[in-house]
Amino acid sequence: MRDHQREVTTTGVPPWKSPVALSVTLHLLILGIALAGWSWTSTDHEPAPRSISARLITQQEPEPSPVVEPVDQQKRDEERRAEEQRRKEEAERQRQEEEARRIAEQKRQQEQMRLQQQKEQERQEAEAKELEARKAREAEAARQKAEAEAKERARQKAEEEKRRQEEAKRKAEEEKRRQEEQRKREEAERKRQEEQARQEAERKRLEAERKLREQQLEAQAEAAQRAREEEARRQREAAAAKAREAQMLSESEKYQALIREQLSNAWYPPSSATEDMSARVQIMLLPTGELARAELVSSSGNRAFDNSALQAVRSLQRYPIPNDRSTFDRYFRQFTIEFNPRRMNR
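First, a word on what this report is: a plain description of the structure on this page. (Residues numbered from 1 in each chain as written. Predicted model: local features only at pLDDT ≥ 70, side-chain atom pairs only at ≥ 80, totals over all residues. Heavy atoms only, no water.)

1. Overview of the sheet that holds strand β3 (residues 334-339)
Pairing between the strands of a sheet is mediated by backbone hydrogen bonds and can be parallel or antiparallel.
Point 1. Here we have three strands laid out as an open sheet, ordered β2-β1-β3, and antiparallel in their pairing. The two strands at the open ends of the sheet, each matched to only one other strand, are β2 (291-298) and β3. Strand after strand, the sheet turns through a mean of 25 degrees between neighbouring axes, direction not considered.
Point 2. Relative to β3, helix α5 (residues 325-332) is tilted by about 50 degrees, and along the sheet it contacts β1 (279-285) and β3. (Pairing = 2+ DSSP bridges. Helix = DSSP H or I, 4+ residues; strand = E, 2+ residues; numbered from the N terminus. Axes fitted to C-alpha atoms, helices over the stretch in contact; angles between N-to-C directions. Contact = heavy atoms within 4.5 Å.)

2. Some remarks on the nonpolar core
Point 1. Membership of the largest hydrophobic core comes to 26 residues, with the highest contact counts inside it found for Leu-263, Val-281, Ile-283, Val-313, Tyr-319, Phe-332 and Phe-339.
Point 2. Taken together, the elements giving at least two residues each to this core come down to α3 (194-266), β1, α4 (303-315), α5 and β3.
Point 3. It is α4 that contributes the most residues to this core, five residues altogether.
Point 4. Setting aside residues up to four positions removed in sequence, Val-281 forms contacts with Ala-294, Glu-295, Leu-296, Val-297, Ala-309, Leu-310, Val-313, Phe-335, Thr-336, Ile-337 and Phe-339. (Core = buried A, V, L, I, M, F, W, Y, C linked by side-chain atoms within 4.5 Å. Buried < 20%, exposed > 50% of the residue type's maximum accessible area, 1.4 Å probe, protein only.)

3. Re the packing of aromatic side chains
Centre-to-centre distance and the angle between the planes together describe a pair of aromatic rings.
Point 1. For the coordinates displayed, the defined rule picks out four aromatic pairs.
Point 2. A ring pair is formed by Trp-267 and Phe-305, whose centres lie 5.4 Å apart and whose planes are at 90 degrees; its orientation type is edge-to-face. Remark: Phe-305 occurs in helix α4 and Trp-267 occurs in the loop between α3 and β1; sequence separation between them is 38 residues.
Point 3. Residue classification places Trp-267 among the buried positions, given a relative accessible area of 6%.
Point 4. Take Phe-305: its relative accessible area is 0%, and that puts it in the buried class.
Point 5. Taking 6.0 Å as the distance between ring centres and 75 degrees as the angle between the ring planes, the aromatic pair formed by Phe-332 and Phe-335 counts as edge-to-face.
Point 6. Relative accessible area serves as the criterion here: at 0%, Phe-332 is assigned to the buried category.
Point 7. Aromatic rings pair up to connect Tyr-255, Phe-332 and Phe-335 into one cluster. (Phe/Tyr/Trp six-rings, centres within 6.5 Å; stacked < 30°, edge-to-face > 60°.)

Here it is in structure tokens:
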């Protein structure tokens, strides 16, 4: 057995005189005699021997069989134990190597998973930035389109006004030519009926003056109408700008409240802080809501208090900002937050 040591019991009797050794020796002798007799009887072509010589072997003095001495047995046991110990150490070494390989493989898989998650996060951030850039491009394209349409409408209106003036001028010239022709006809008629021609000429003159006055009044009315329309347009634009300003202000107040709330939750003032301490920090943000820079512009006089305010500002990974770029540029690209225990907890 490999896992158990064989016990050796000594009785004080020589090994070759033990009953077991004598029994083994006797059986070996009997087996040898049987084999010798079989070999004698199995040779058919050889003549039978004329005489047989035999020697009687007694049981009292058997030949001693090789018996392992206790010292050799102990040495082999020690060698066996040493071999078993070596195998155990080899198995333990292989187990440790296998465990090291398993841990290394697990670390490699974890690192690969971390890299995959990092790549996925970078891909999502890139997609978010691309989406924001695309929205900005679309907004800019819409603005440019609106400006182009407005310019086109203004151009068409100017061309229409120019055509109207040219048409009025053409009509006036035609009227002038017609009057000149009429005058020539009247001059010819005057020779025939001078008095009637003079009366007709007076009547036409008065009629021309009336038409001219009507044209002047109509032109003045059109100019006044255009002025009223222009004034109404300016008022609408002013109202729209005022409404836009109010909307931006309301939007900025909402996000300022969100920022103040998150900073209040992230701020842990030192135990030495008092309600009279106040520190003002200037915050500069990127269009993505990430912090670009934070500077202390007004110290409280307590370095720990100032550092806690700066730490709170830098702890926010992304600030809540409005989607409208104009509102962000005006109110959130650069602003100042005051840290005061009394006002921040309101």
